[in-house]
Amino acid sequence: MNRKHPHLSLLRVVLEATTPLSIGTGAGDLQQDVVLARDHNDLPTLPGTAIAGVLRHLARTLGYDKAAVESLFGPEVETLREPPTDTGLLASRLNVSHGLIHDFRDIPVERLLPLADIAADPLLALAVKPQPGRRDHVRLNQRGVVDQRGKFERSLLPAGYRFTVEFALWSETVDDAAWAILIALIGDPRFRLGGATRRGYGGMAVARAHHRRFDLRDAVDFQDFSQLNRSLEDTPLSTWQILAMPTTALARLAWTELTLTPTDFWRFGQGEKPLGQYGAEKLPDLLQVTGTKVCRSTDGKAQLRFDQIVIPASALKGALAHRFAFHYNRHRGYFIDGDDQDQSLPVDDANDGVKTLFGYVAQDGAALAGLLVIDDALLLDDTKVAPVRLTHNAIDRFTGGVRAGFLYSEEVLNDGRFKLVVTLLDCGDSRLSQPGIRAALDDTLADLCEGRLPLGGGVNKGHGSVTGTRGPWSLASWGRETKA
């Protein structure tokens, strides 16, 4: 027991990935560009350092008092002018455990499991694979071709997996204000883990949470603490309280929902499995990207659903970014006149609007995350799609025959409806006050809903045209800016 901090607050949270999760080690190997962080069972995990770092950054982003943030997470060494004489001042009062993955029974896996037990569990058998899921990415420049080294793939864990994390906070008093800050941060929808969070990865939701506070100067609390099983698999629910996450209004978070309906054939990405039945025929060369999702019954038990149609957020984000750049340049008066080639290209760092909403990575290594978040678009429950096979070829204009290597087929989808949610993380950011940003974003979404912005592959062949409706922004204060 720390004499200065005799009160201990414990919080055990079950986090569920609402979108694919990609927490990498920071390095690749000979087969993968992104290697997932793993635990002693070689199962994906949520590193405690990653959780603490994201919470600290979120606290600073949301404008919490610096003293309160440092009281919770400890001071940053870079901000200290002189090294403290008491090294204990550098320690955080908050301890964060690694996130333990759950098996199909919704129980965290903490002990070392035999390989046979992992193979017998459908969730763990998939998670232990080097790539439980994979998503190809390509970054296009303003000419519509791959931008330098912008072709890569990302390993991921499918949406629906759960993890148990324990937070322990030592306090001087029982009503520590830092405890309320911690709970608010964990329940905030801006709490996202891993890489590519602006491209639909890393969304986390609290499935359930229990907490208990101990005053270690009290004999009863001390006895209960002494008998507490440190295993996260065993939480004494009879003595712990269910924690209801706060549902306070998020004054700086805005989102809008779009319901989009394709008007013709459509296909996103390059998948590996066909959705149609082709028997002994050769499979189509180009396939719709699909994914896996974890679905749970009312008792918490899980099952995997394979070959779920995916409309990748990265594909949507790229199309929106290019069209937004056009409208932003238009509203700011940036045009190409005659021989003047000094333009703000859609993916150029000079375009301040694109940098603000979609982020950037400069040649010198400087980078900034954007304020716009797009998750994978979801097919609505009443949607019915039909796979259709289309055959293409290219004719040699001299011989009139098929050019060698240019006879191929693709599997496209017909009909369907899907929902797209566009979220602005911080409407109070001063960068959003730049002229043209609001109007350009609204014009971009209007183009999408009115059929002027096709999505997916084969747009030059007529694929991907969509129409739809858009709801109002959740914040009345965010909308089209008025011209002076």
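What comes next is a walk through the structure. Keep in mind that what you see is a predicted model, and the values were worked out from it rather than measured.

### What about the nonpolar core?
Among the nonpolar cores identified, the biggest contains 47 residues, and Leu21, Leu46, Leu55, Ile101, Tyr161, Phe167 and Ile186 are the most heavily contacted of them. Sorting the residues of this core by element identifies strand 1 (7–17), helix 1 (48–61), helix 2 (66–73), helix 4 (122–127), strand 6 (162–171), helix 5 (177–187), strand 7 (204–215) and strand 11 (302–309) as the ones contributing at least two each. For this core, the element with the most residues is helix 5, which contributes 7 residues. For Ile186, the contacting residues outside a window of four places in its chain are Leu11, Val13, Leu15, Leu55, Phe167, Phe191, Val206 and Met245. Formed by 43 residues, the second largest nonpolar core is a distinct cluster that contains Leu413, Ala440, Leu453 and Trp473.

### Points about the pattern of salt bridges
Here the structure, examined in full by the defined rule, presents 18 salt bridges. Overlapping salt bridges bring together Glu16, Asp106, Arg162, Arg208 and Arg296 as one network.

### A word on the packing of aromatic side chains
Where two aromatic rings form a pair, the distance of their centres and the angle of their planes describe that pair. Taken as a whole and assessed by the stated rule, the structure comprises 5 aromatic pairs. Seen from their ring centres, Trp266 and Phe268 are 5.9 Å apart, and the 65 degrees between their planes marks the pair as edge-to-face. For the residue pair Trp266 and Phe268, the accessibility class agrees, reading buried in each case. Three or more aromatic residues joined by ring pairs make a cluster, and in this case those are Trp266, Phe268 and Phe418.

### Digging into the pairing of strand 1
Strand residues, when the strand is regular, have side chains that alternate between the two faces of the sheet. Counted residue by residue, strand 1 has 10 buried out of 11 residues, so it is predominantly covered. Sheet topology note: the strand 1/strand 6 ladder contains 10 bridges and is antiparallel. Note that in strand 6 the partner of Leu10 across the bridge is Ala168. Sheet analysis places strand 1 next to strand 7, joined by 11 bridges and oriented antiparallel. Opposite Leu15, over in strand 7, you have Val206 as the bridge partner.

### What about the environment of Arg452?
By the element assignment, Arg452 lies in the loop between helix 9 (437–449) and strand 19 (466–470). Take Arg452: its relative accessible area is 44%, and that puts it in the partly exposed class. Counting along the chain gives 14 residues from Arg452 to Val466, while the straight-line C-alpha distance between them is 8.1 Å. Arg452 has contacts with Arg323, Ala446 and Asp447, leaving out every residue within four places of it along the chain.

Thresholds applied
- Residues numbered from 1 in each chain as written.
- Predicted model: local features only at pLDDT ≥ 70, side-chain atom pairs only at ≥ 80, totals over all residues.
- Heavy atoms only, no water.
- Core = buried A, V, L, I, M, F, W, Y, C linked by side-chain atoms within 4.5 Å.
- Buried < 20%, exposed > 50% of the residue type's maximum accessible area, 1.4 Å probe, protein only.
- Helix = DSSP H or I, 4+ residues; strand = E, 2+ residues; numbered from the N terminus.
- Contact = heavy atoms within 4.5 Å.
- Salt bridge = Lys/Arg side-chain N within 4 Å of Asp/Glu carboxyl O.
- Phe/Tyr/Trp six-rings, centres within 6.5 Å; stacked < 30°, edge-to-face > 60°.
- Pairing = 2+ DSSP bridges.

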